[in-house]
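Residue-level structural notes
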Amino acid sequence: MPETSKNPEKLIIIGSGPAGLTAAVYAARANLNPLLFEGFQDGGIPGGQLMITGTVENFPGFPDGISGPELMQNMRAQAEKLGTRMIMEDVARVGLSSRPFAVVSSGEEPYAASALIIATGATANRLPLDSEKRLWGRGVSACAVCDGALPVFRGNPLAVIGGGDTAVEEAVHLTQFASKVYLIHRRGELRASKIMRERASSHPKIEILWNKAVDEFIGDARLSGLKLRDTATGAASELAVAGAFEAIGHRPNTGFLQGQIEVDSQGYIVTKPDSSGTSVNGVFAAGDVQDPRYRQAVTAAASGCKAALSVEKWLHDIC
Ligand SMILES: Cc1cc2nc3c(=O)[nH]c(=O)nc-3n(C[C@H](O)[C@H](O)[C@H](O)COP(=O)(O)OP(=O)(O)OC[C@H]3O[C@@H](n4cnc5c(N)ncnc54)[C@H](O)[C@@H]3O)c2cc1C
């Protein structure tokens, strides 16, 4: 077990996305004097996934939208102003077998806390192509629910890459805006559940392109198409699209927990029904790291609020 520091904190929050910073706002206002690890590189950058996003149009309170980085800077400023102390480092490992819990930073500094909120988010898997990186945010995205309604995509042909339930959900979502949606899957059968497979194959605006892999994202200033390869025959083809949405899975950022908390088959932290509590008493989880379903800024923020309120009550009850 990692060595602990001598003066335990009441609460350490791990992660500075919407979940972690909202938890910090609530915890600071409840006089829990939270210490927050912002992260650095292990599971994304400080501020989380919205730092790599353009305009956020669906976070309440911003009728004209707000840029992802600006929204996160505002949340950080609010948490800091209310008294949250921040450390811009990753947590390398934790020791959860006894309280106070041990937390060791990537700089090998030991800390300890009576309660923890884990808000380390999830990382969207992305295709390892140079052209993908170049056109990221310029027609290439990993979140159709977030970006699909942007004016640049409306009335245009779009593509979703993937074959699971999320890919089908994203394709169906995009049919509201797109002239047509191509669902590009590298195999001859979708991994999605039966009902989702039927939804995709019966939708008049969705065309499934079987056995196709994306070899290149085409475009200069913005995405204009995809170079595809038939995985069965090797034949190359091109597809004109104004947007491409990768739906090839997410990796919850839980490696530093080293198996000390119950996770589901995909690695998401399991929280108790109607609660932020995890399998370890005193450790709470919030945001995308425990939510394979909604994965939105506003749901992450809401669960950060719930986790902080749960910690406040839990600390009160054990004292
Ligand atoms: C391209 C894109 C566009 C999106 N657009 C929208 C949108 O328009 N609207 C919307 O509602 N949602 C959008 N989302 C989804 C939204 O960003 C997420 O649902 C939300 O950010 C989740 O918040 P979170 O706090 O749970 O985690 P994250 O935002 O993922 O933050 C996780 C935090 O944990 C930190 N961290 C990770 N590991 C460690 C560690 N070991 N130690 C310390 N810190 C660590 C990271 O540095 C980061 O600060 C988008 C997502 C993507 C990828």
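Rules and cut-offs
- Residues numbered from 1 in each chain as written.
- Predicted model: local features only at pLDDT ≥ 70, side-chain atom pairs only at ≥ 80, totals over all residues.
- Axes fitted to C-alpha atoms, helices over the stretch in contact; angles between N-to-C directions.
- Helix = DSSP H or I, 4+ residues; strand = E, 2+ residues; numbered from the N terminus.
- Left-handed = near helix turned anticlockwise from the far one by under 90°.
- Contact = placed C-beta atoms within 7 Å.
- Nonpolar A, V, L, I, M, F, W, Y, C, P; charged D, E, K, R; others polar.
- Domains from an automatic or database assignment.
- Near = placed C-beta within 6 Å.
- Pairing = 2+ DSSP bridges.
- Expected span 1.5 Å × (residues − 1).
- Buried ≥ 20, exposed ≤ 12 C-beta atoms within 10 Å, placed from the backbone.
- Arc of directions from axis to C-beta.

For the rest of this paragraph, the subject is the packing of helix α1 (residues 18-29) against helix α7 (residues 297-318). Taken N-terminus to C-terminus, the directions of α1 and α7 make an angle of 40°; their axes are 7 Å apart at the nearest point. By crossing handedness, the relation of α1 to α7 is classed as right-handed. In contact with Pro18, Ala19, Gly20, Thr22, Ala23, Tyr26 and Ala27 of α1, α7 contributes Ala297, Ala300, Ala301, Ser303, Gly304, Cys305, Ala307, Ala308, Leu309 and Val311. A class-by-class count of the residues in the contact of α1 with α7 yields 13 nonpolar, 4 polar and no charged.

Our next topic: the domain arrangement of the protein. Segmenting the protein into domains produces domain 1 (9-123 + 250-318) and domain 2 (126-246). Its C-alpha centre places domain 1 at a distance of 31 Å from the equivalent point of domain 2. Listed by partner, the interface residues are 4 residues for domain 1 and 4 residues for domain 2. Partitioned by chemical class, the residues of the side of domain 1 that touches domain 2 number no nonpolar, 3 polar and 1 charged.

Working note: a packed helix pair is described by the angle between its axes plus the distance between those axes. Relative orientation of the contacting elements helix α5 (residues 165-174) and helix α6 (residues 194-202) amounts to 35°, with a least axis distance of 10 Å. With respect to the hand of their crossing, α5 and α6 are arranged in left-handed fashion. Together, Asp165, Val168, Ala171 and Val172 of α5 and Met196, Arg199 and Ala200 of α6 make up the contact between the two elements. The residue makeup of the contact of α5 with α6, split by class, is 5 nonpolar, no polar and 2 charged.

Around the ligand sit 45 residues in total, of which Gly17, Gly39, Gly48, Gly121 and Gly287 are the nearest. Residues of the shell around the ligand, tallied by class, amount to 21 nonpolar, 18 polar and 6 charged.

So, on to the sheet that holds strand β14 (residues 212-218). Taken in spatial order, the 3 strands line up as β14-β15-β16 in an open sheet, and their pairing is antiparallel. Taken across any chain shown, the strands that pair with only one partner, and hence form the sheet edges, are β14 and β16 (236-240). In this sheet, adjacent strand axes meet at a mean angle of 30° when their direction is disregarded. One ladder, built from 5 bridges, connects strand β15 (residues 225-230) with β16; its direction is antiparallel. Residue pairing across strands places Gly225 opposite Ala240, the latter belonging to β16.

Over its 14 residues, helix α2 (residues 68-81) extends 20 Å from the first C-alpha to the last, a length consistent with the 20 Å expected when each residue adds 1.5 Å. Taken residue by residue, α2 has Gly68, Leu71, Met72, Met75, Arg76 and Ala79 as its buried positions. Angular distribution of buried residues about the axis of α2 spans 135°; they occupy a single face of the element. More than 90 degrees from the buried face of α2, the exposed residues found are Ala77 and Lys81. Tucked into the core, α2 has its buried residues touching α1, β3 (55-56) and β4 (66-67). Backbone geometry just downstream of α2 places Gly83 in the positive-phi region, at approximately 115°.

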